[in-house]
Amino acid sequence: MAEHTQQQQQQGEDGKGGGAVRLDGKAVSEQVRAELKADVAAFRAEHPGFQPKLVAIQVGGRSDSSVYIRQKDKACKEVGIEFEHLQLAEDVQQAELDALVDRVNHDPRVHGIIVQLPVPAHLSTKHVVHSILPEKDVDGFHAENIGHLSKRATEPFFHSCTPLGCIELLRRYGVDVGGKDAVVIGRSDIVGTPMAMMLANLDATVTLCHSRTRDVEAKVRAADVVVAAVGVAGFVKAAWVKPGAVVVDVGMNAVDDATKKAGYRWAGDVEAAAMARAGFMTPVPGGVGPMTVAMLLSNVVAGAKRQHVRASRMAIVATPLRLRAPVPSDIAIAGEHAPKPIAQLARELNLAAGEYAAYGAHAAKVSLDVLARLQAGGRGRYVVVTGMSPTPLGEGKSTVTVGLAQALYAHARRPAFACIRQPSQGPTFGIKGGAAGGGYAQVTPMTTMNLHLTGDIHAITAATNLVAAAVDARCFHEATQTDRQLLARLCPPKHGVRRLAAPLVRRLQRLGIGAAAVAAGDAALLADHEAAQLVRLDIDPERIVWRRVLDTNDRFLREITVGQAASERGMQRRTGFDIAVASEIMAVLALTTSLADMRARLGRMVVAFSRAGTPVTCDDIGVTGALAALMKDALSPTLMQTLEGSPVFVHAGPFANIAHGNSSVVADQIALRLVGPQGFVVTEAGFGADIGFEKFVNIKCRASGLAPDAAVIVATVRAIKMHGGGPDVVPGRPLPDAYTQEDLALVQSGFANVRRHIANVRSLGVPAIVAINAFATDTPAELETVRRLAMDAGAADAVVTHLYAQGGAGATDLAAAVARTCEAPSDPPFRFLYDAAEPIKAKISTIARQFYGAASVSYSAEADDKIAQFEKHGWDALPVCMAKTQYSFSADPALKGAPEGFDLHVRDIRASLGAGFVYPLCGAMQTLPGLPTRPCFYDIDVDPESGEICGLF
């Protein structure tokens with residue numbers, strides 16, 4: 001528009017030629033709206049899912065306010081902005097309004113908030129205006145936004161819409177105010193004051209006039225630019241206007257006019273006759289008014305784009321390490337490095353305040369709502385860390401996972417997230433200790449992580465044991481009551497109706513009976529045979545498959561007898577405990593994708609079989625909803641950080657030898673979105689690649705739909721020597737000389753174990769990088785031998801790391817290798833090891849032969865019977881979760897290296913319908929570990945003076 005106004009501008013400056021150029025706000029606003037519509041469409045095409053949103057809050061039902069709301073609604077829809085109108089009652093209290101504003105403030109889907117003014121007298125307008133976050137204050141009324149106008153070095157989130165509309169009009173008409181004398185009449189926070197500052201920022205010399213200003217007329221007569229926003233019709237007389245001046249009339253005043261149908265006409269603050277003297281002038285109406293709404297729309301779109309860009313860029317704010325040699329204890333190192341406040345870390349990840357809930361100063365639960373918000377954004381690279389078959393001491397897989405994330409984040413300056421499992425208190429107080437990493441590559445605070453954290457495992461324990469109690473209680477009550485007595489107690493009368501609880505309705509629907517009772521919601525309408533089918537589960541005590549759990553290594557609870565009290569009337573039965581992290585509910589938590597999915601999985605869990613052989617589920621015993629309530633908070637992954645400040649999700653903790661051994665699907669999914677396309681998510685799969693990685697691929701990736709870009713196989717000279725024929729490695733005893741002295745022959749012999757793991761990983765289309773976790777006793781020749789053998793075996797790369805002693809700096813080469821490998825095309829493509837639709841035995845055979853090197857698989861009679869039963873019930877199309885020793889490819893921990901030709905014996909098999917897999921037990925695997933002679937708890941204590949925990953590792 002500026003191009004075709006040059007002649008008009010000259011005319012205006014000369015003060016001749018028939019009056020001022022009309023600054024046509026209506027025409028310009030239509031142009032702005034058209035540009036915004038195109039801009040939104042183009043940005044959405046590049047960033048699918050982009051959706052600007054404005055929320056308008058109205059208190060009361062003033063007709064003029066309602067008209068303005070409808071106008072804004074219509075304008076938003078024209079340009080592609082989602083509009084939501086929230087209306088409150090006239091007598092709403094300040095606290096209720098504040099709560100609504102706070103909720104919308106923290107809704108990441110909302111990019112702009114306006115409160116329609118005026119509000120009722122009992123509410124504070126100033127308080128309301130300043131309760132809106134500055135970054136969502138699209139009216140530009142917040143003191144922080146206005147205040148930034150006075151600083152040349154900073155910019156507000158938003159400019160006030162009316163002044164911005166005035167400036168935009170001038171810009172579109174090519175009016176340059178630089179060096180001009182400007183007078184602004186009126187000093188309101190909405191128009192006058194911000195207008196004066198905006199003109200000053202455009203290099204005008206500004207005089208701000210108000211009710212106490214002397215001789216306004218003289219100041220206007222000398223002005224090159226006049227902005228009138230005083231709210232008095234005709235306040236500025238035409239004769240005051242300097243010939244050729246620019247006049248922006250913000251006033252909109254109703255003046256009585258009997259000639260008009262409405263009885264009034266609109267008049268500005270400047271006499272209309274000034275049009276003949278001015279060079280440029282806004283008409284009233286049709287000048288500034290339409291521009292105000294256009295600028296509101298522009299602010300919303302700008303805010304949405306700013307938030308989208310910010311949300312796609314994870315801030316990297318590394319925490320420097322203070323390295324010491326020799327390396328202190330893990331807990332000492334943790335105490336020397338203060339973590340960032342969790343709120344700061346959340347801001348760096350662009351999490352909205354409503355998307356996380358702090359648990360203390362250094363941990364927070366992150367809502368799954370983040371996934372929905374970022375669904376249209378790109379995902380990062382997905383790296384799984386696995387390992388060779390370990391010694392009982394562990395080979396530092398958690399340390400490598402954490403350290404690699406530190407190296408990518410703090411040293412390569414790439415967005416990076418680590419996703420690891422929550423430690424169980426079994427090993428924490430037993431043999432291995434905690435699982436926060438080690439040395440200068442650990443999650444912090446390590447005491448918080450290794451003990452209760454946010455209580456997820458406790459929730460799992462409570463939920464699992466609630467199911468066990470419900471099963472035994474149901475058996476007890478069915479044994480002592482008739483069908484009608486059971487029905488009367490399950491459906492007590494209320495207002496003359498025996499209401500059917502939701503679980504009972506679902507059971508009737510599954511059974512295909514009681515349609516009339518369901519429709520009426522009244523159990524009294526059930527026929528006798530329908531009532532009997534509904535209430536009598538007829539559980540066979542000998543076929544109850546659900547076991548209680550605890551998070552402690554207690555071997556004496558592996559097999560127990562319950563029901564021995566006289567009050568249980570002779571209902572004794574044999575059962576036992578498992579460790580909580582091997583429970584089905586833990587597996588459900590790790591594999592679920594949403595609250596609805598978790599609730600459905602919990603309901604499907606089979607707890608027993610009836611005497612007729614029918615499976616009995618959690619939903620049959622009515623406990624599904626209660627389980628979901630217990631597990632609701634546990635569903636959100638826990639956000640923590642590494643020593644170098646990189647983010648970590650700690651979520652779920654299934655063991656890999658007796659469960660599927662991977663952290664949660666939702667943690668990986670959220671992390672992949674938060675890091676964006678330039679970032680990396682490093683997730684850990686438990687124990688060796690024959691166990692954790694195989695289950696990662698065939699169970700976790702099936703559930704998540706994700707595929708890894710690379711796998712890191714952690715190897716140590718110590719474990720390689722053990723597999724080459726070295727002496728046993730026993731926790732609590734000094735390492736034999738074979739592990740502290742150079743022995744290249746032992747390394748070459750034992751490398752067969754690593755070689756098979758490399759081959760297995762590559763066979764599924766995943767590039768394998770070997771991370772050689774170096775210990776102080778390793779010689780350069782031994783480390784180079786491992787590196788060379790790994791490359792000869794087909795590894796994409798092999799890198800020596802020093803994470804324990806150096807943190808991320810000790811894994812910069814590994815980080816570079818991971819980045820190179822992930823960004824290179826993968827050939828062959830990723831694949832599963834087996835088709836889940838194959839028979840159970842075929843899947844077990846594929847795993848045993850292709851991944852373990854077995855020649856055959858044998859089954860106990862009990863396992864055979866159960867497999868036949870599973871096939872009868874249609875459970876044969878589920879993935880397989882093998883439970884076996886982590887110390888060997890076989891089920892015999894004494895078979896080291898890469899054994900072949902052995903028989904894999906399956907002694908039992910269980911079905912985890914909620915988790916979605918069947919669960920063969922091989923060899924002598926126990927589902928509840930025991931304590932050693934000298935457990936870790938001997939060293940754990942609390943300093944009575946400082947309250948600090950000591951002795952954890």
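Looking at an unreviewed UniProt entry, one finds the chain named Tetrahydrofolate synthase, with Coemansia interrupta as its source organism. Reading the Subunit (unreviewed entry) entry of the UniProt record for the chain gives the comment "Homodimer." Under the Pathway (unreviewed entry) heading, UniProt states for the chain: "One-carbon metabolism; tetrahydrofolate interconversion."

Asker: Explain the overall build of the chain to me, please; I cannot follow it from the model alone.
Answerer: Helix and strand counts for the chain come out as 33 helices and 37 strands. Among the 953 residues that make up the chain, the fraction classed as buried is 56%. Taking the intrachain contacts of the chain between residues at least 6 apart in sequence as the baseline, contacts between residues at least 24 apart amount to 74%. Here the chain displays about 37,900 Å² of accessible surface, and carbon together with sulfur accounts for 53% of that area. Placing the 96 positive and 97 negative side-chain charges of the chain at their respective mean positions leaves the two points 3 Å apart.

Asker: How do you make sense of the nonpolar core when you look at a structure like this?
Answerer: Grouped burial of nonpolar side chains is what soluble globular proteins tend to show. Of all hydrophobic cores here, the largest spans 171 residues; its most connected members are Phe 649, Phe 693 and Ile 758. Phe 83, Met 198, Leu 199 and Leu 297 belong to the second largest nonpolar core, which has 56 residues in total.

Asker: Would you take a moment to explain helix H32 (residues 840–852) for this structure?
Answerer: Residue pairs spaced three or four apart in an α-helix point in one direction, given the helix's 3.6 residues per turn. If you check H32, its first and last C-alpha atoms are 17 Å apart, about what 13 residues at 1.5 Å a residue would give, namely 18 Å. Every buried residue of H32 is accounted for by Ile 840, Lys 843, Ile 844, Ser 845, Thr 846, Ile 847, Ala 848, Phe 851 and Tyr 852. Where the residues of H32 are buried, they touch helix H26 (689–704), helix H28 (744–763), strand E33 (856–859), helix H33 (861–872), strand E34 (903–912) and strand E35 (917–922).

Asker: How should the UniProt feature "domain: Tetrahydrofolate dehydrogenase/cyclohydrolase NAD(P)-binding" (unreviewed entry) in the chain be read in this particular structure?
Answerer: UniProt's feature table lists "domain: Tetrahydrofolate dehydrogenase/cyclohydrolase NAD(P)-binding" (unreviewed entry) at residues 160–307, given in the numbering used throughout. Helix makes up 32% of residues 160–307 and strand makes up 19%, while its end C-alpha atoms are separated by 19 Å.

Asker: So what exactly am I meant to see when it comes to unusual backbone geometry here?
Answerer: Comment: phi is negative for the bulk of residues other than glycine, and the bulk of peptide bonds are trans. The residue after Leu 117, namely Pro 118, is reached through a cis peptide bond having omega 5°. The topology assignment puts Pro 118 in the loop between strand E4 (112–115) and helix H5 (125–131). Within the chain, Asp 215 stands out as a residue other than glycine whose phi angle is a positive 50°. Topologically, Asp 215 is positioned in the loop between strand E6 (205–209) and helix H9 (216–221). The residue Leu 453 is not glycine, and still its phi comes out positive at about 50°. Within the secondary structure, Leu 453 is located in the loop between helix H16 (446–450) and helix H17 (456–480).

Asker: What's the story with the side chain of Thr 461 in this structure? I'm lost.
Answerer: You can see Thr 461 is positioned in helix H17. Setting aside its immediate chain neighbours within four residues, Thr 461 contacts Val 549, Leu 550 and Ala 580.

Asker: Explanation requested: the sheet that holds strand E1 (residues 21–22) in the structure shown.
Answerer: Strand pairing in a sheet takes place through backbone hydrogen bonds and is either antiparallel or parallel in direction. With parallel pairing, the six strands of this open sheet are ordered in space as E1-E11-E8-E7-E5-E6. Each edge of the open sheet carries a strand with a single partner, namely E1 and E6. Bridge count for strand E5 (residues 181–185) against strand E7 (residues 225–228) is four bridges, and the pairing is parallel. Looking across to E7, one finds that Val 183 is bridged to Val 226. Packing against the sheet, helix H8 (residues 192–201) makes contact with E5, E6 and E7, and its axis sits at approximately 170° to E6.

Asker: I tried to follow the environment of Leu 466 on my own but got confused; where do I start?
Answerer: Among the structural elements, Leu 466 can be located in helix H17. Between the C-alpha atoms of Leu 466 and Ile 132, which are 334 residues apart in sequence, the distance is 44 Å.

Asker: It is not clear to me how empty space enclosed by the protein should be interpreted in this structure. Could you clarify?
Answerer: Over the atoms rolls a probe the size of a water molecule, and its path tells where empty space is left. Inspection of every chain in the model, using the stated rule, returns one cavity of 30 Å³ or more. In this structure, the largest cavity occupies an estimated 60 Å³ of space. For the lining of the largest cavity, a count of residues per class yields six nonpolar, no polar and two charged.

Asker: Whenever I open this one, the layout of surface pockets confuses me. Can you help?
Answerer: There is about 1,500 Å³ of room inside the second largest pocket. Residue lining of the second largest pocket: 43 residues in total, with Tyr 68, Thr 162, Gly 289, Thr 292 and Val 293 positioned closest to the centre. Elements supplying a minimum of two residues to the lining of the second largest pocket: helix H2 (25–46), helix H3 (63–79), E4, helix H7 (161–172) and helix H10 (288–311). The leading source of residues in the lining of the second largest pocket is H3, at seven residues. When its residues are assigned to classes, the lining of the second largest pocket shows 21 nonpolar, 12 polar and 10 charged.

Cut-offs and rules
Residues numbered from 1 in each chain as written. Predicted model: local features only at pLDDT ≥ 70, side-chain atom pairs only at ≥ 80, totals over all residues. Heavy atoms only, no water. UniProt positions renumbered as here; feature names shortened; annotations may be inferred. Helix = DSSP H or I, 4+ residues; strand = E, 2+ residues; numbered from the N terminus. Buried < 20%, exposed > 50% of the residue type's maximum accessible area, 1.4 Å probe, protein only. Contact = heavy atoms within 4.5 Å. Areas by Shrake-Rupley, 256 points an atom, 1.4 Å probe, with all protein chains shown as cover. Lys, Arg positive; Asp, Glu negative; His and termini not counted. Charge placed at Lys NZ, Arg CZ, Asp CG, Glu CD. Core = buried A, V, L, I, M, F, W, Y, C linked by side-chain atoms within 4.5 Å. Expected span 1.5 Å × (residues − 1). Pairing = 2+ DSSP bridges. Axes fitted to C-alpha atoms, helices over the stretch in contact; angles between N-to-C directions. 1 Å grid on protein atoms, 1.4 Å probe; cavity = no way out; pocket = protein on both sides within 12 Å on 5 of 7 lines; lining within 4 Å. Points joined across faces, edges and corners; volume = space filled by probe spheres on them. Nonpolar A, V, L, I, M, F, W, Y, C, P; charged D, E, K, R; others polar.

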